[in-house]
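Letter by letter, the chains look like this.
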Amino acid sequence: QVLLVESGGGLVQPGGSLRLSCAASGIMFRLYAMAWYRQATGKQRELVAAITSGGSTNYGDSVKGRFTISRDNAKNTVDLQMNSLKPEDTAVYYCKAQLNLLAYWGQGTQVTVSS
């Protein structure tokens, strides 16, 4: 059974910070590229950040300089540190694991940025 479980979402004020975590089980985690995607209501799902098995990272243009993705292969987790949050960051955030053509998705966690 492959399982990806996101946690850490919630309500935060503009300018605030939040840290999301994704815990993986049922895969050889260290071999997988990991990523965070988000989907706001009525909009397309978009890439937020990705990290390869070797630790290389890339980010969507809208979050560069504000978000940081990291992984801990000993704990089978990938985190997303979100700083300087804006209302337009409001979305459901999804964790993704990918190895070649094989991909798995988590259930998502809601992030709401509002006063």
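A. Summary view of the sheet that holds strand β3 (residues 18–25). The strand order across the open sheet built from four strands is β1-β3-β8-β7, with neighbouring strands paired in antiparallel fashion. Of all strands in the sheet, those bounded by a partner on one side alone are β1 (3–7) and β7 (67–72). Across the sheet, the axes of successive neighbouring strands diverge by a mean angle of 15°, strand direction being ignored. Pairing geometry for β1 and β3, over five bridges, is antiparallel. Residue pairing for β3: E6 is matched across the bridge by C22.

B. Spotlight on the side chain of D89. Mapping D89 onto the fold places it in the loop between β8 (77–82) and β9 (91–99). The exposure class of D89 is buried, given its relative accessible area of 1%. Looking at D89, its side chain comes within polar contact range of the main-chain nitrogen of K86, at 2.8 Å. Not counting residues up to four positions away in its chain, the partners in contact with D89 are R38, R66, F67, S84, V111 and V113.

C. Representation of the side chain of K96 in the model. Note that K96 resides in strand β9. Within the structure, K96 has its side chain in polar contact with the side chain of Q98 (distance 2.8 Å). Leave out the neighbours within four places in its chain, and K96 touches L4, A33, M34, A35, Y37, A103, Y104 and W105.

Calculation rules
Residues numbered from 1 in each chain as written. Predicted model: local features only at pLDDT ≥ 70, side-chain atom pairs only at ≥ 80, totals over all residues. Heavy atoms only, no water. Pairing = 2+ DSSP bridges. Helix = DSSP H or I, 4+ residues; strand = E, 2+ residues; numbered from the N terminus. Axes fitted to C-alpha atoms, helices over the stretch in contact; angles between N-to-C directions. Buried < 20%, exposed > 50% of the residue type's maximum accessible area, 1.4 Å probe, protein only. Polar contact = N/O pair within 3.5 Å; in protein donor to acceptor, adjacent residues only side chain to side chain. Contact = heavy atoms within 4.5 Å.

Interpretation in functional terms is not warranted from these geometric data alone.
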